[in-house]
Amino acid sequence: MKQIITIILLLLTSNVFAQTSRPVVDERLELTSIVFRIAGAEEYVCDGVPGYMREIDEYFGPYKDHKLIPYIQNTLRERLKIGYDGVASSAFFLKIENGRVGIADEAKLEDYLKGEKRWNRIVFKEYVSLLNDFYRKSKAGKFFEDHREFYQKTVDANRELVSKVDMEWFFDTFEGSPLNLDVCLGLCTAQHNYGGGEYEDGTMSIVIGTFADHSGIPNILPTAFEVVIHEIGHYYTGPLIDMHYDEMKAASEDIDNRIEDR
């Protein structure tokens with residue numbers, strides 16, 4: 001009996017402290033980035049990976065007239081000012097299953113919308129409906145499947161740098177920290193990097209932009225490693241800011257007023 005209890009405790013503790021970070025290419029992020037690129041959103045019209053960008057433009061160019069594109073341009077961009085992190089973070093509330101795009105978790109979406117004021121429930125659902133129609137009509141799933149080997153090479157090329165993230169340091173420094181992290185490789189974001197979201201299994205994610213190496217494979221630049229740490233840090237500093245926001249509100253508003261135009 002003691003041996004069984006010991007084994008169980010070892011399994012439990014090994015799971016608790018098995019903090020990992022891994023590079024991934026997330027189809028939801030790619031799809032979201034691609035449609036905003038086609039819509040002309042400048043922060044997603046990045047040519048850090050020129051060969052891949054050409055293939056995107058050639059494949060999806062014929063669908064520029066799909067009703068999703070003016071919806072992004074007029075409603076999401078012009079009226080609601082949705083861009084940058086508001087685009088990237090929204091991808092993690094999607095699911096792609098059986099050739100369809102939908103909302104992954106209604107409850108988590110509601111929590112997200114409470115903090116993300118640019119989106120609202122009606123607009124997000126309309127966006128997802130149009131995105132699903134775009135996905136099916138453009139046969140986007142085929143594009144992603146055709147690039148599966150390319151994505152795997154991208155993941156493999158970034159393993160070493162991502163493995164240098166010391167997740168134990170975050171666990172030791174901040175309490176209540178997420179244990180597992182996916183570094184989503186932004187093939188369409190180049191110099192732009194974002195906090196991501198939470199997967200259904202509780203894994204957290206960040207988005208780090210990439211640039212093609214000499215063979216055309218997307219890589220996180222070694223000089224961007226500190227940005228990786230910065231984006232992970234949002235998960236820990238965010239709750240601290242929420243706890244002490246009343247103490248910082250006046251100063252933050254004063255700073256915002258001084259730099260808003262920039």
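All values reported here derive from a predicted model rather than from experimental measurement.

A. Structural context of the confidence of the model for the protein. Here the protein shows a mean pLDDT of 89. Residues at 70 or above account for 90%. A low-confidence stretch, residues 1-18 stays under pLDDT 50, and its non-local contacts, those more than four residues away or across chains, total five contacts.

B. Seen up close, the sheet that holds strand 6 (residues 204-209). The strand order across the open sheet formed by four strands is 1-4-6-5, and the pairing between neighbours is mixed. In this open sheet, the two strands that pair with only one neighbour each are strand 1 (20-24) and strand 5 (194-198). Pairs of neighbouring strands in the sheet enclose a mean axial angle of 25°, with direction left out of account. Taken together, the six bridges between strand 4 (residues 180-186) and strand 6 define a ladder with parallel strand orientation. When the bridges of strand 6 are listed, Leu-185 appears paired with Ile-208. This element, helix 9 (residues 148-163), spans strand 1 and strand 4 of the sheet and lies at about 150° to strand 1.

C. The pattern of salt bridges, seen in detail. Scanning all chains against the criterion turns up 19 salt bridges. Residues Glu-42 and Arg-77 are paired through a salt bridge, measuring 3.3 Å at the closest nitrogen-oxygen approach. One end of the pair, Glu-42, is in the loop between helix 2 (27-38) and helix 3 (50-60); the other, Arg-77, is in helix 4 (residues 68-79), with 35 residues separating them in the sequence. Three or more residues are tied together by salt bridges with common partners; here these are Glu-106, Glu-110, Arg-121 and Lys-125.

D. Structural context of the side chain of Glu-43. Assignment of secondary structure puts Glu-43 in the loop between helix 2 and helix 3. Among the polar contacts made by the side chain of Glu-43, one reaches the side chain of Arg-77 at a distance of 2.6 Å. In this structure, Glu-43 is in contact with Arg-77, Gly-83, Tyr-84, Cys-188, Thr-189, His-192 and Tyr-194, ignoring residues within four places of it in sequence.

Thresholds applied
Residues numbered from 1 in each chain as written. Predicted model: local features only at pLDDT ≥ 70, side-chain atom pairs only at ≥ 80, totals over all residues. Heavy atoms only, no water. pLDDT = per-residue confidence, 0-100. Contact = heavy atoms within 4.5 Å. Pairing = 2+ DSSP bridges. Helix = DSSP H or I, 4+ residues; strand = E, 2+ residues; numbered from the N terminus. Axes fitted to C-alpha atoms, helices over the stretch in contact; angles between N-to-C directions. Salt bridge = Lys/Arg side-chain N within 4 Å of Asp/Glu carboxyl O. Polar contact = N/O pair within 3.5 Å; in protein donor to acceptor, adjacent residues only side chain to side chain.

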